[in-house]
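Chain by chain, the residues:
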Amino acid sequence: MKRPFLVFTVLSLLLAFSVPALADSHCMDELGCVEVGPDEPIVIASILAMSGPASFYGADSLGGVELAILGRDGMLLGRDVEVVEEDSHCAAEGGQAAAQRVAADETIVGVIGTTCSGAAQGAMPIISEAGMLMISSSNTSPSLTNDNADEGGTYYPGYFRTAHNDLFQGAMGARFAVEVLKVGAVATVHDGDPYTEGLAVVMANVFAGLTGEVVFQGAVSKGDTDMSAILTEIAASGPDLVYLPVFTPESEFLVSQAANTPGLEDVRMMTADGSFNADFAPNIGAAAAGVLMTGPHVAGDAYQEFLAMWAEEQPGGTDTPPSGFHAHAYDATNLLLDAVEAVAEEMDDGTLIIGRQALRDAMAAVEDYAGLTGSLTCQEDSPYAGDCATGTALAIFELGEAQVNEGAWPPPIVWDLSMSMAGDE
Amino acid sequence: MFKWKTDEFSWVDFTIDVLRVLIVLAVVVGAWNTLSSGRITLAQWVNLFAAGLSQGSIYALIALGYTLVYGILLMINFAHGEVFMAGAFSTVFLAEALNRTGFLNDQPLLAILLMIMFAGLVSMTVAILLERVAYRPLRGSPRLVPLITAIGASFFLQYAFRGLYGSGFKAYPQVQILQGAISIGGINIPIVQIFVFCSALLLMLCLYWLVERTRIGKAMRAVSENKEVARLMGIDIDFVIMFTFGVGGFLAGSAGVINGVFRPQGVNFFMGFIPGIKAFTAAVLGGIGNIPGAMLGGLFLGVIEAIGPNLVLAGLGIPGANQLKDVIAFTMLVLVLIFRPQGILGERLSEKKA
């Protein structure tokens, strides 16, 4: 009984000392390295919501990941690329469990994920500790790229995202209001959801910082149908613009009832991506004409090619992407694979050595990368630490008669950040 | 009931008196502050009042269903909000079809009448089936039993309709003729609100006529008075109860369409929950079991909800007053239960009924 145990102990001690010694001989990276043998594949992981109500977001992003790999014929540095799929269930516990499984696998170079911001908060402490990096295609919560715990920040080194930080969208609405609409007073309305509240607060803060006056900050409750009380309060405060980044149908009730509220008949309304869908204008009718919306704007020839490829390959079995983050996932995967390509060193025996800190540095150094979602530049400073999206894939749209009567979609773009920059120069 | 001797001091009476004074004080101070600040114009007050009246008439139509059933069976049909949803949700598809063919805007009144008939029939069917399947087998069991069944039936109906039509939000199409407003003394009142109020009033008058002037109405009143004696007089109790559920269902379904004309958006399987609770509050407010009481309670609740937050709460400096609309509605319910348990028009229930 005792002898096998002794042999086992000695052997494991030998192994424990010899492996780092071996690794050290090649790896100069402070976080350690991934070694990929000559015939082994390069492995990345996805931690996405694959089950539950948010699963269509996960399927959407996973399709982007698969197409990015297919776009390279499934190969990187002469090796196959393999994806380990984990399910985050769109929850902190799910993200944590998935991250533990990923962190235990030393062959994984990086992670694409998570779908939901909550899951990222569960996953990032473990992913960061393991020295890995994670790029999200759909987390938008500002806290994830903020390292100030007093402001609720939960940034961990190794976190990146190609999705837009909510700070962008709110700020964009505020800049448009000041630079183009030239309004002096704004009212904001949210619906108690942390997402919409965040947008409303950011919009109000940026607007106030740009010499505007925030005359009303309020909220409706989800499920409200009668908005006359809040609309009367808003009218009494005398805004030039009402910013309501709330979800449908509350936004529809607000816009349609505002048309009948004395004092608000001619006040402009601006909504955000929570209402950004083709049914919004027809559901409201004539009152929707002239409503402004901030929302994602992914376009261009490269994107059309991507859609054609999706229709052909049908990842997840659908002809078209089920949601709006596939292009972000495609860009995220390409950034990860490019970073691996840039830092991998090939030994004489054909083994690849990929430094984990070097990978993070390569990601952080990304500048003016031409992705499907516009120009990507990864930032390093809080509150944007790890934010790679620059806001070029966001735009402001204006609803018109064609949206109301014919349901034409998407509505025409009236402004994007490039126009703002042109104005600055 | 036991009556307190007048010369004996009672803490209960004292607390209620203090509460009474505090509430009156809060309402007066709040209203005074708001009105003296002049923050809200006359046109806006009228607008709030008119919107409240329209919302209230929809509450009233639903509340009638609660009150009719309570009057006869002494049970609260908590699935009644779902009966409203059934009509409103089903008719949205008819409304879309009528809009596509152009009929809705060519013959708006005829189209709305058609929609009301359709929604009424759907809701009526649901209400009658509900009574037959969920309540009739339990008639005569303790009063808590049908109450629990009602809650179960409510969930069943919600998810049955979700399975049928999906979980997305739908919206009624716009009726062009009802857009715009008419000006009375320089104050604009949207036509749609006038339409909603008038059609609800018309339906209530029809109900009043039905109950007071027809044979079946007489039978309903007789069953409500005393089931056993009514049976001895040769009244088919089961039919009268079924008929009552049907009438309540029809009113709820037509309320669904009127609601769809007034607030076109947000039609989904869960839309009956809040109006159901509000209408129940309205029925209790007016005096449950009392038909004019339900009408009055509904209108009263709608107006209080619309005006209360801006008049009283904003005047007291409470932030986010508009979000406390439901607080006002349910505080009214608590106050009525404390100060006038029988409701505004209700009579004290006899020992046997209570």
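Criteria and thresholds
Residues numbered from 1 in each chain as written. Chains lettered and ligands numbered in written order. Predicted model: local features only at pLDDT ≥ 70, side-chain atom pairs only at ≥ 80, totals over all residues. Helix = DSSP H or I, 4+ residues; strand = E, 2+ residues; numbered from the N terminus. Rg over C-alpha atoms; globule rule 2.2 N^0.38 Å. Buried ≥ 20, exposed ≤ 12 C-beta atoms within 10 Å, placed from the backbone. Contact = placed C-beta atoms within 7 Å. Axes fitted to C-alpha atoms, helices over the stretch in contact; angles between N-to-C directions. Parallel < 35°, antiparallel > 145°, perpendicular 65-115°, else oblique. Left-handed = near helix turned anticlockwise from the far one by under 90°. Nonpolar A, V, L, I, M, F, W, Y, C, P; charged D, E, K, R; others polar. Pairing = 2+ DSSP bridges. Domains from an automatic or database assignment. Expected span 1.5 Å × (residues − 1). Core = buried A, V, L, I, M, F, W, Y, C linked by C-beta atoms within 7 Å. Right-handed = clockwise from strand over helix to strand, strands pointing away.

(A) Spotlight on the overall build of chain B. Secondary structure summary: chain B contains 13 helices and two strands in total. Compactness check: chain B gives a C-alpha radius of gyration of 22 Å against a globular reference of 20 Å for 354 residues, within 12% of the reference. Projected onto its principal axes, the C-alpha positions of chain B cover 65 × 60 × 40 Å. Counting across all 354 residues of chain B, residues that qualify as buried make up 47%. Within chain B, counting contacts between residues at least 6 apart in sequence, those at least 24 apart form 80% of the total.

(B) Region of the structure containing the overall build of chain A. Within chain A, the secondary structure is distributed over 14 helices and 18 strands. Over its C-alpha atoms chain A spans a radius of gyration of 24 Å, differing by no more than 12% from the 22 Å that the globule rule assigns to 425 residues. Once the C-alpha set of chain A is aligned to its principal axes, its extents read approximately 90 × 45 × 45 Å. The burial tally for chain A puts 54% of its 425 residues in the buried class. Restricting the contact set of chain A to residue pairs at least 6 apart, pairs at least 24 apart contribute 73%.

(C) Highlighting the packing of helix 2 (residues 42-73) of chain B against helix 7 (residues 191-213) of chain B. Residue and element names in this part refer to chain B. Where helix 2 meets helix 7, the closest approach of the two axes is 9 Å, and the angle between their N-to-C directions is 30 degrees. On the basis of the axis angle, helix 2 is roughly parallel to helix 7. Here the hand of the crossing between helix 2 and helix 7 comes out left-handed. Side by side, helix 2 and helix 7 meet where Ala50, Ala51, Leu53, Ser54, Ser57, Ile58, Ala60, Leu61 and Leu64 of the first sit next to Gln193, Val196, Phe197, Ala200, Leu201, Leu203, Met204 and Leu207 of the second. Taken together, the residues of the contact of helix 2 with helix 7 sort by class into 14 nonpolar, three polar and no charged.

(D) Layout of the sheet that holds strand 9 (residues 213-219) of chain A. Residue and element names in this part refer to chain A. Strands sit in the order 9-8-10-11-12-17-18 across an open sheet of seven strands; the sheet is mixed. On the outer flanks of this sheet lie strand 9 and strand 18 (413-416), each paired with one strand and no other. If you compare each strand with its neighbour and ignore which way they point, the axes differ by 25 degrees on average. Where strand 12 (residues 292-296) and strand 17 (residues 394-398) come together, five bridges link them in antiparallel fashion. Each bridged residue has a counterpart across the sheet, and for Pro296 the counterpart in strand 17 is Leu394. Set on the sheet, helix 7 (residues 228-237) makes contact with strand 8 (185-190), strand 9 and strand 10 (241-243); between it and strand 9 the angle comes to about 170 degrees.

(E) Spotlight on the domain arrangement of chain A. As assigned here, chain A comprises domain 1 (33-163 + 325-376) and domain 2 (167-296 + 393-424). Computed from C-alpha coordinates alone, the two centres of domain 1 of chain A and domain 2 of chain A are separated by 34 Å.

(F) Up close: helix 7 of chain B. For helix 7 of chain B, with 23 residues, the first-to-last C-alpha span of 32 Å sits near the 33 Å given by 1.5 Å per residue. Looking at helix 7 of chain B, one finds that the buried residues are B:Val192, B:Gln193, B:Phe195, B:Val196, B:Phe197, B:Ser199, B:Ala200, B:Leu203, B:Met204 and B:Leu207.

(G) Structural view of the sheet that holds strand 3 (residues 75-76) of chain A. Residue and element names in this part refer to chain A. Here we have six strands laid out as an open sheet, ordered 3-4-2-5-6-7, and mixed in their pairing. In this open sheet, the two strands that pair with only one neighbour each are strand 3 and strand 7 (159-161). Sheet topology note: the strand 3/strand 4 (residues 79-87) ladder contains two bridges and is antiparallel. When the bridges of strand 4 are listed, Met75 appears paired with Asp80. Contacting strand 2 (42-48), strand 4 and strand 5 (108-113), helix 2 (residues 55-70) runs over the sheet at an angle of about 165 degrees to strand 2.

(H) Structural context of the nonpolar core. Core analysis: the largest hydrophobic core is formed by 230 residues, its most contacted members being A:Val340 and B:Ala60. It is helix 2 of chain B that provides the largest number of residues to this core, a total of 16 residues. Viewed by domain, this core spans two of them, domain 1 (33-163 + 325-376) and domain 2 (167-296 + 393-424) of chain A, each represented by three or more residues. Dropping the residues within four chain positions of it, B:Ala60 is found in contact with B:Ala200, B:Met204, B:Ala282, B:Ala294, B:Met295, B:Gly298 and B:Leu299.

(I) Quick look at the interface of chain B and chain A. Taken together, the contact pairs 29 residues of chain B with 26 residues of chain A. Contributions of two or more residues to the side of chain B that touches chain A are made by helix 2, strand 2 (187-190) and helix 12 (291-313) of chain B. Among the residues making up the side of chain B that touches chain A, the classes are represented as 13 nonpolar, 13 polar and three charged.

(J) The pairing of strand 4 of chain A, seen in detail. Residue and element names in this part refer to chain A. The sheet contact formed by strand 2 and strand 4 spans seven bridges and is parallel. Across the sheet, the residue bridging to Ser46 is Glu85, located in strand 4. Where strand 3 hands over to strand 4, the hairpin turn is made up of two residues, of which Leu77 adopts a positive phi near 55 degrees.

(K) Local environment of unusual backbone geometry. All names here are of chain A. With an omega of -5 degrees, the peptide bond between Gly113 and Thr114 qualifies as cis. Within the secondary structure, Thr114 is located in the loop between strand 5 and helix 4 (117-129). Backbone torsion omega between Thr248 and Pro249 reads 5 degrees, so that peptide bond is classified as cis. With respect to the helices and strands, Pro249 occurs in the loop between strand 10 and helix 8 (250-258).

(L) Local environment of the pairing of strand 11 (residues 268-271) of chain A. All names here are of chain A. Taken together, the three bridges between strand 10 and strand 11 define a ladder with parallel strand orientation. Within the sheet, the bridge partner assigned to Tyr243 lies in strand 11 and is Met270. For the crossover that starts at strand 10, traverses helix 8 and ends in the parallel strand 11, the hand is right-handed. In terms of strand pairing, strand 11 meets strand 12 through two bridges, oriented parallel. Directly across from Thr271, in strand 12, lies its bridge partner Met293.

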